[in-house]
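# Summary of the model geometry
Here's the letter readout for the chains.
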Amino acid sequence: MDLEIERKKLLIEFDILDTKTEEMFDNITEIASKICETPIAMITLIDDKKQFFKSKIGINTYRTSIEHSFCKVAIEKSDKIFIVEDATIDERFKKNPMVVGSPNIVSYYGVPLVSKSGIAYGTLCVFDNQINTLSENQIEILIRLAKTVENLINLRSKSKFLDAYQLKIERYSKNMEDFTYMAVHDLKAPLRGIDSFVKMLEKKHKEIWDEKDEKYISFILQSTTKMFNLIQDLLEYSKRTTDKSNFEEFDLKALIDDIFDNTTFEIKHKNPILTCQEMPILFSSKIAFTVIFNNLINNGLKYQPDNQIPKIDIKSIKDEMNWIFTISDNGIGIESDYFDEIFKPLTRLHGNSKYEGTGLGLAICKKIIEDLNGHITVDSVLGEGTTFTLKIPKN
Ligand code: ADP
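The numbering scheme is per chain: residues are counted from 1 as the chain's sequence reads. Local features in this predicted model are restricted to residues of pLDDT 70 or higher, and side-chain atom pairs are both shown and tallied only at a pLDDT of 80 or more, whereas totals for entire chains, interfaces and linings draw on every residue. Think of the side-chain values as coming from all heavy atoms in the structure, minus any hydrogens and water.

## A closer look at the sheet that holds strand E3 (residues 63-65)
Under the convention used in this document: Paired strands are those between which DSSP finds at least two bridges. Put simply, DSSP marks the helices as runs of H or I at least four residues long and the strands as runs of E at least two long, and each gets a number from the N terminus on. For helices, the fitted line uses only the C-alpha atoms of the stretch in contact; every axis is such a line through C-alpha atoms, and the angle between N-to-C directions lies from 0 to 180 degrees. For this analysis, residues touch if any pair of their heavy atoms sits within 4.5 Å.
Taking strand neighbours across the sheet as the criterion, the 6 strands line up as E3-E2-E1-E6-E5-E4 in an open arrangement whose pairing is antiparallel. Each having just a single partner strand, E3 and strand E4 (82-84) make up the two edges of the open sheet. Going across the sheet, the axis of each strand differs from the next one's by a mean of 25°, ignoring polarity. Both strand E2 (residues 50-57) and E3 contribute to a ladder of 3 bridges, which runs antiparallel. Opposite Lys 50, over in E3, you have Ser 65 as the bridge partner. Relative to strand E6 (residues 120-128), helix H1 (residues 3-14) is tilted by about 85°, and along the sheet it contacts strand E1 (40-46) and E6. With respect to the sheet, helix H2 (residues 23-36) is in contact with E1, E2 and E6, its orientation differing from that of E2 by roughly 75°.

Written as structure tokens, this is what we have:
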């Protein structure tokens, strides 16, 4: 492919032509002009027709045609640096309008900017309107600065690519969330149908059924309830509860008291005890905190040995940047081998016959807490109890 076309293609890929000035590049031109003691310093980018100044000092235009460009000559040579010490006596440039007229160039030093694939696409250059002979040191620094410009241009292009990629992933993930929500939601209706038709059958034919028939019907109804709970939890899992637009002020203590009252309604005979210190007033997603504390309190009350008074202790610890909450219970505990496992969706350490559940509660908590940029950990002693610790940034 023609070198000029390749160069143009490269600059389009960099997405840098005709873009605004950027501080990181301006800093380099300023250093170059100071080090070389020249009134003019520039970062130029050259396509097939124009040269564009990404950064410039001592010159007003930001784009010129390549016809009279010193930098175009510089990138066509494969030297480390292109030097014209006195353009007024150099055959190639002495009639150049930039030499005979403004900005009256006399000395020129241009270091080509080269892509990883070896294509020179611009320069870091300095001009003077009197003879200026740079020392070896000055030239060395100018070459190093040009290397930095090349690196910055590569990084800038990578970071643009990553931004675009992240946007794509976010869009995809939102579509997936919406799709899952719809799909799971739509499963509810046929399940309700099965449940109510089986109940109608049960009502109509109960007298003629034997013991086995009744057992089968009871299994069907238990399965539909289990599936209903699973769908409910999957819906919770696929919902986004942490959008900033949902944030509101709420009293965490009141929220915890409410959850505890509702959760213990059916196990009042076990005399469950809640100890809860003073809790902060939060500005966050109330739905998210409801789901998290509901799951953790529920588990603490559920995973208990028989004939024990269930105890839940909730604390809030202060930290400069984060809210730290601990939710402890005096239940059956968890073996340390499973500390990571239990947060994975559908992981259960117990059968449904002893403790009912879907295995999604902790996965939901983890997902919501991570959406809030926090994290959740567990600590437990088998037979003594379990503590979940949540660390959630204040802002
Ligand atoms: P579920 O309670 O619906 O099974 P979870 O995701 O909430 O689902 O919990 C996953 C598993 O972790 C549970 O099945 C249980 O074995 C264990 N677990 C969770 N919380 C506790 C707890 N407080 N004490 C003991 N085991 C627990």
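Okay, back to it.
## A short note on the domain arrangement of the protein chain
As a reminder, the rule being used: Either an automatic procedure or a domain database provided the assignment from which the domain bounds are taken.
Segmentation of the protein chain into domains returns domain 1 (3-164) and domain 2 (239-395). Placing a centre on the C-alpha atoms of domain 1 and another on those of domain 2 gives a separation of 60 Å.

## Some remarks on the pattern of salt bridges
The line we're drawing: The salt bridge definition used is simple: a Lys or Arg side-chain nitrogen within 4 Å of an Asp or Glu carboxyl oxygen. A simple rule labels every residue: compare its accessible area, found with a 1.4 Å probe on the protein chains alone, to the largest value its type can have, and call it buried under 20%, exposed over 50%, or partly exposed in between.
Tallied over the entire structure, the rule returns 19 salt bridges. Here Glu 22 ties to Arg 156 by a salt bridge, and the two come within 2.8 Å at their closest N and O atoms. Taken together, the residues Glu 22 in the loop between H1 and H2 and Arg 156 in helix H5 (residues 136-205) connect sequence positions 134 residues apart. By relative accessible area, which is 10% here, Arg 156 ends up buried. A salt bridge links Glu 76 to Lys 72, with the nearest nitrogen and oxygen atoms 2.8 Å apart. One end of the pair is Glu 76 and the other is Lys 72, both in helix H3 (residues 70-76) and 4 residues apart, which spans about a single turn.

## Details of the site of the ligand
What counts, and what does not: Only heavy atoms are used to decide nearness, and a residue is near a molecule or strand if one of them lies within 4 Å of it. Any pair of nitrogen or oxygen atoms within 3.5 Å is treated as a polar contact; in protein, a donor-acceptor pairing is required on top of that, and neighbouring residues in sequence qualify only through side-chain atoms on both sides. Residue exposure ignores everything except the shown protein chains as possible cover, and the areas themselves are Shrake-Rupley values with a 1.4 Å probe. Each residue gets one of three labels, nonpolar for Ala, Val, Leu, Ile, Met, Phe, Trp, Tyr, Cys and Pro, charged for Asp, Glu, Lys and Arg, and polar for the others, Gly among them.
Surrounding the ligand, one finds 19 residues, the nearest of these being Asn 299, Tyr 303, Arg 348, Thr 358 and Leu 362. In the environment of the ligand, an oxygen atom lies 2.5 Å from a nitrogen or oxygen atom belonging to the side chain of Arg 348. Protein contact buries 98% of the 530 Å² of open area that the ligand shows by itself. Going through the elements one at a time, helix H8 (286-302), helix H9 (361-371) and strand E13 (385-393) are the ones with two or more residues in the shell around the ligand. Per-class residue counts for the shell around the ligand are 7 nonpolar, 9 polar and 3 charged.

## Some details on helix H7 (residues 252-263)
The condition is simple: How far a helix is expected to stretch is found by multiplying one less than its residue total by 1.5 Å. Throughout, the arc means that of the directions going from the helix axis to the C-beta atoms.
A rise of 1.5 Å per residue sets the reference length of H7, with its 12 residues, at 16 Å; its end C-alpha atoms lie 16 Å apart and thus fit the reference within 8%. For H7, the set of buried residues is Leu 252, Leu 255, Ile 256, Ile 259, Phe 260 and Thr 263. On an axial view of H7, the arc spanned by its buried residues comes to 130°, and they lie on one face. In this structure, the buried side of H7 is in contact with strand E7 (247-251), strand E8 (273-276), strand E9 (281-285), H8, strand E10 (311-318) and strand E11 (322-329). A distance of 3.0 Å separates the backbone nitrogen of Lys 253 from a side-chain oxygen at the start of H7, and that oxygen is part of Asp 251.

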